[in-house]
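Descriptive structure summary
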Amino acid sequence: MGNRPYGIDPEMIREISAEIIDVASQGVQFGIVVGAGNIFRGFQASAQGMDRTSADHMGMVATVINCLAIQNIMEKMGAQVRVLSALEIKEVAEPYIQRKAMRHLEKGRIVIFASGTGNPYFTTDTAAVLRAVEIKADVVIKATKVDGVYDKDPAKFTDARMYQRISYTEVLSQYLKVMDSTAISMCRDNALPLIVFNLFKQGNIKRVVMGDPVGTLVEE
Ligand code: GTP
């Protein structure tokens, strides 16, 4: 959304894409999972009386719109990008096939995973962890608006403390709002490290990937 109240801000996508393309050009394989809160919030619709399944289907379809926008903007910037969709919509995107995703990554393409997991009741974060496990990613990096994981909401409490490192179990037992519990427990079960960091500080994507101590590392 960038600074818009709704929809897609191409300039924002360009800024983030420039960072990702820069890192990817150094040989880092990148899979991107994107939500659709800028277009449609499934959980809000379900709270307002819509069936959760229908609301989630709408949210998943909305992610395709975001993926196509990112793909197109990244391609205009010179990157090779493939969108793989968990829901079959083959006139607009390739169907998600794990082995195709691996092959695209090996060939240096940036892969964008569309339509979440393809199932209702699973969040974008869970989709990200699922795809990360499937493609044998080294790490999941979760881009947020805050610097990392805090012991309480930093927007409400001035004494909120940010963790440099925290375990999956602590995140779950303290109900810390990092990702939903399905996503966190899937990271734990597969020993997949997770780094939560602030997307809106320029250069942060590169810092995280290069191993600088940015954000919060969630691991065992
Ligand atoms: P290689 O197998 O390495 O050649 O990968 P490639 O993606 O370059 O080749 P492919 O011939 O599979 O795809 C060429 C273009 O068509 C790429 O932009 C793909 O994303 C796109 N493409 C492939 N399969 C589908 C599909 O089922 N639906 C849509 N919409 N596009 C597809």
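The structure contained in this document is the topic of the report that follows. (Residues numbered from 1 in each chain as written. Predicted model: local features only at pLDDT ≥ 70, side-chain atom pairs only at ≥ 80, totals over all residues. Heavy atoms only, no water.)

Let's talk about the sheet that holds strand β4 (residues 110–114)
Filter applied, for reference: A pair of strands is labelled paired if DSSP reports no fewer than 2 bridges between them. Numbering of helices and strands runs from the N terminus, with a helix taken as a DSSP run of H or I at least four residues long and a strand as a DSSP run of E at least two residues long. Two residues form a contact once any of their heavy atoms are found within 4.5 Å. Each axis is a line fitted through C-alpha atoms, and for a helix only the stretch in contact is used; angles between axes span 0 to 180 degrees, taken between their N-to-C directions.
Pairing within the open sheet is parallel, and its four strands lie in the order β1-β4-β2-β3. Among the strands making up the open sheet, the edge pair consists of β1 (31–33) and β3 (94–95). Alignment of β1 against β4, held across three bridges, turns out to be parallel. Each residue of the ladder has a partner; that of V33, found in β4, is F113. Contacting β1, β2 (81–85) and β4, helix α3 (residues 52–76) crosses the sheet at an angle of about 165 degrees to β4. Docked against the sheet, helix α4 (residues 98–106) engages β1, β2, β3 and β4, running at close to 150 degrees with respect to β4.

Details of helix α1 (residues 10–24)
Here is the rule we go by: To estimate the expected span of a helix, count its residues, drop one, and scale the result by 1.5 Å. Here the term buried applies to any residue with accessible area under 20% of the maximum for its type, exposed to any over 50%, and partly exposed to those in between, with areas from a 1.4 Å probe on protein chains only. Counted as a polar contact is a pair of N or O atoms within 3.5 Å, where, for protein atoms, one must be capable of donating a hydrogen and the other of accepting one, and residues adjacent in sequence contribute only when both atoms are in side chains.
Helix length check: α1, at 15 residues, gives a terminal C-alpha distance of 20 Å against a target of 21 Å (1.5 Å per residue), a fit within 8%. Among the residues of α1, those classed as buried are M12, I13, I16, S17, E19, I20, I21, V23 and A24. Packing partners of the buried residues in α1 comprise β1, α3, β4 and α8 (204–209). Between a side-chain oxygen at the N-terminus of α1 and the backbone nitrogen of E11 the separation is 3.1 Å; the capping residue is D9.

Focus: the nonpolar core
For clarity, the cut-off: Side-chain atoms within 4.5 Å link the members of a nonpolar core, which is a set of buried Ala, Val, Leu, Ile, Met, Phe, Trp, Tyr and Cys residues.
I20, F30, I32, M74, I110, I112 and I205 are the most contacted members of the largest nonpolar core, which has 29 residues in total. Listed by contribution, the elements that provide at least two residues to this core are α1, α3, β2, β4, β7 (194–198) and α8. Ranked by residues supplied to this core, first place goes to α1 with seven residues. Here I110 is in contact with I20, I21, A24, F30, I32, M74, A79, Q80, V81 and R82, once residues within four sequence places are set aside. Y168, I184, L192 and V218 belong to the second largest nonpolar core, which has 18 residues in total.

Some points on the site of the ligand
Keep this limit in mind: Throughout, near means a residue has at least one heavy atom within 4 Å of the molecule or strand. Areas reported as accessible are Shrake-Rupley estimates using a 1.4 Å probe. Residue values count occlusion only from the protein chains shown. Note that Gly is not counted as nonpolar here; it falls among the polar residues with everything else outside the nonpolar set of Ala, Val, Leu, Ile, Met, Phe, Trp, Tyr, Cys and Pro and the charged set of Asp, Glu, Lys and Arg.
The immediate surroundings of the ligand are formed by R82, K90, E91, V92, A93, E94, P95, K100, H104, K107 and R109. A distance of 2.7 Å separates an oxygen atom of the ligand from a polar side-chain atom of R82. With respect to the ligand, the backbone of K90 contributes an N or O atom lying 2.5 Å from a nitrogen atom. In the complex, the protein chains occlude 52% of the 610 Å² of accessible area that the ligand would expose alone. Those elements that place two or more of their residues in the shell around the ligand are β3 and α4. When the residues that make up the shell around the ligand are grouped by side-chain class, the tally is three nonpolar, one polar and seven charged.

Here we look at the packing of α1 against α3
Selection rule: If you view the pair so one helix is near and one far, a crossing is left-handed when the near helix is turned anticlockwise from the far one by less than a right angle, and right-handed when it is turned clockwise.
The geometry of α1 relative to α3 is characterised by a closest axis approach of 9 Å and an angle of 60 degrees between their N-to-C directions. In terms of crossing hand, the pair formed by α1 and α3 is right-handed. Facing P10, I13, R14, S17, I20 and I21 of α1, the residues of α3 in contact are A69, I70, I73 and M74. For the contact of α1 with α3, a count of residues per class yields eight nonpolar, one polar and one charged.

Function cannot be read off these values alone, since they describe shape.
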